[in-house]
Amino acid sequence: MKKVMIAGCIMFAAGVSASPFEKPEDAIEYRQAAFTMIATNFGDLAEMVKGRKDWDQQTFSQRAQFISQLTYMPEEAFKVTGTDKGETKAKPEIWSDWEGFSAKLDKFQGDMANLAKVSLEGDERSTKRAFGEAAKNCKSCHSDYKYR
């Protein structure tokens, strides 16, 4: 009985760590959806920073928290075989320079975690400065790894 339980636990753990994507198209759709949510929230923050929308620290902070969590979603979908093909704006450099891409993604995740933290402190100037840092890295990744 003990061996059966151990085997069951191993099989369960293997199933949990497996990719949730049945086809490359599913992974592409997933990462595009995550990036759409990031872009929508980030765009709202940019509108506030640029003064095109009234500054609302609470909304800014909430959206920064959302983005901070969302930045972790796309990575696993890039690792699915075949996701470099199909309807995607992802450049081949993502896979040929995975180390560079991964470093920029890690930096973006860190920048957004910092922005989320700073925005909770309520200082508009510090929040805008942290946003600028995150935006700069976001733009550089788009330049290197995304077709427009």
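Residues numbered from 1 in each chain as written. Predicted model: local features only at pLDDT ≥ 70, side-chain atom pairs only at ≥ 80, totals over all residues. Heavy atoms only, no water.

Colleague: Could you clarify how one ought to interpret the pattern of salt bridges in this entry?
Modeller: Side-chain pairs of opposite charge can arise whenever the charged atoms involved come near each other. Tallied over the full model, the rule gives nine salt bridges. With a shortest N-O distance of 3.9 Å, Lys 79 and Glu 75 are connected by a salt bridge. Residue Asp 144 is joined to Lys 104 by a salt bridge in which the shortest nitrogen-to-oxygen separation is 2.5 Å. One end of the pair, Asp 144, is in helix H7 (residues 124–145); the other, Lys 104, is in helix H6 (residues 98–121), and 40 residues separate them in sequence. Shared partners join several salt bridges into a network, and the residues in it are Asp 44, Lys 53 and Arg 63. (Salt bridge = Lys/Arg side-chain N within 4 Å of Asp/Glu carboxyl O. Helix = DSSP H or I, 4+ residues; strand = E, 2+ residues; numbered from the N terminus.)

Colleague: Looking at this model, I keep getting lost on the packing of helix H2 (residues 24–49) against H7. Mind explaining?
Modeller: In a packed pair of helices, the relevant descriptors are the angle between the two axes and the axis-to-axis distance. Interhelical geometry of H2 versus H7 gives an angle of 130° and a closest axis separation of 11 Å. Overall, the two elements H2 and H7 adopt an arrangement that is oblique. Relative to H7, H2 is oriented so that their crossing is left-handed. Packed against H2, whose contacting residues are Phe 42, Leu 45, Ala 46 and Val 49, the element H7 presents Lys 128, Phe 131, Ala 134 and Ala 135 at the interface. (Axes fitted to C-alpha atoms, helices over the stretch in contact; angles between N-to-C directions. Parallel < 35°, antiparallel > 145°, perpendicular 65-115°, else oblique. Left-handed = near helix turned anticlockwise from the far one by under 90°. Contact = heavy atoms within 4.5 Å.)

Colleague: Sorry, what's going on with the nonpolar core here?
Modeller: In a soluble, globular protein the nonpolar side chains are often hidden away together inside. Grouped together as the largest cluster of nonpolar side chains are 18 residues, with contacts concentrated most on Phe 42, Leu 45, Ile 67, Phe 108, Met 112, Leu 115 and Phe 131. Secondary structure elements with two or more residues in this core: H2, helix H3 (57–70), H6 and H7. Within the second largest apolar cluster, seven residues are counted, among which are Phe 78, Ala 90, Cys 141 and Tyr 145. (Core = buried A, V, L, I, M, F, W, Y, C linked by side-chain atoms within 4.5 Å. Buried < 20%, exposed > 50% of the residue type's maximum accessible area, 1.4 Å probe, protein only.)

Colleague: So what exactly am I meant to see when it comes to a positive patch on the surface here?
Modeller: A cluster of basic residues, Lys 89, Lys 139, Lys 146 and Arg 148, forms a positive patch on the protein surface. Mapped onto the secondary structure, Lys 89 falls in the loop between helix H4 (74–78) and helix H5 (93–96). (Patch = residues over 30% accessible without salt bridge, like charges linked within 9 Å, V, L, I, M, F, W, Y side chains within 5 Å. Areas by Shrake-Rupley, 256 points an atom, 1.4 Å probe, with all protein chains shown as cover. Lys, Arg positive; Asp, Glu negative; His and termini not counted. Charge placed at Lys NZ, Arg CZ, Asp CG, Glu CD.)

Colleague: Looking at this structure, how should I read H2?
Modeller: It helps to recall that an α-helix has 3.6 residues per turn; residues three or four apart then point in one direction. Across its 26 residues, H2 extends 37 Å between first and last C-alpha, which sits within 8% of the 38 Å expected from 1.5 Å per residue. Buried within H2 are the following residues: Ala 27, Ile 28, Arg 31, Ala 34, Ile 38, Asn 41, Phe 42, Asp 44, Leu 45, Ala 46 and Met 48. Buried residues along H2 sit in contact with H3, H4, H5, H6 and H7. One or two steps after H2, the chain reaches Gly 51, where phi turns positive at roughly 80°. (Expected span 1.5 Å × (residues − 1).)

Colleague: Whenever I open this one, H3 confuses me. Can you help?
Modeller: Here H3 spans 20 Å end to end across 14 residues, near enough to the 20 Å set by a 1.5 Å rise per residue. Of all the positions in H3, only Gln 57, Phe 60, Ser 61, Ala 64, Ile 67, Ser 68 and Leu 70 are classed as buried.

Colleague: Explain the side chain of Asn 41 here, please?
Modeller: Following the sequence through the fold, Asn 41 ends up in helix H2. Aside from chain neighbours lying at most four places away, what touches Asn 41 is Arg 63, Phe 66, Ile 67 and Leu 70.

Bear in mind that shape data such as this cannot, by itself, settle questions of function.
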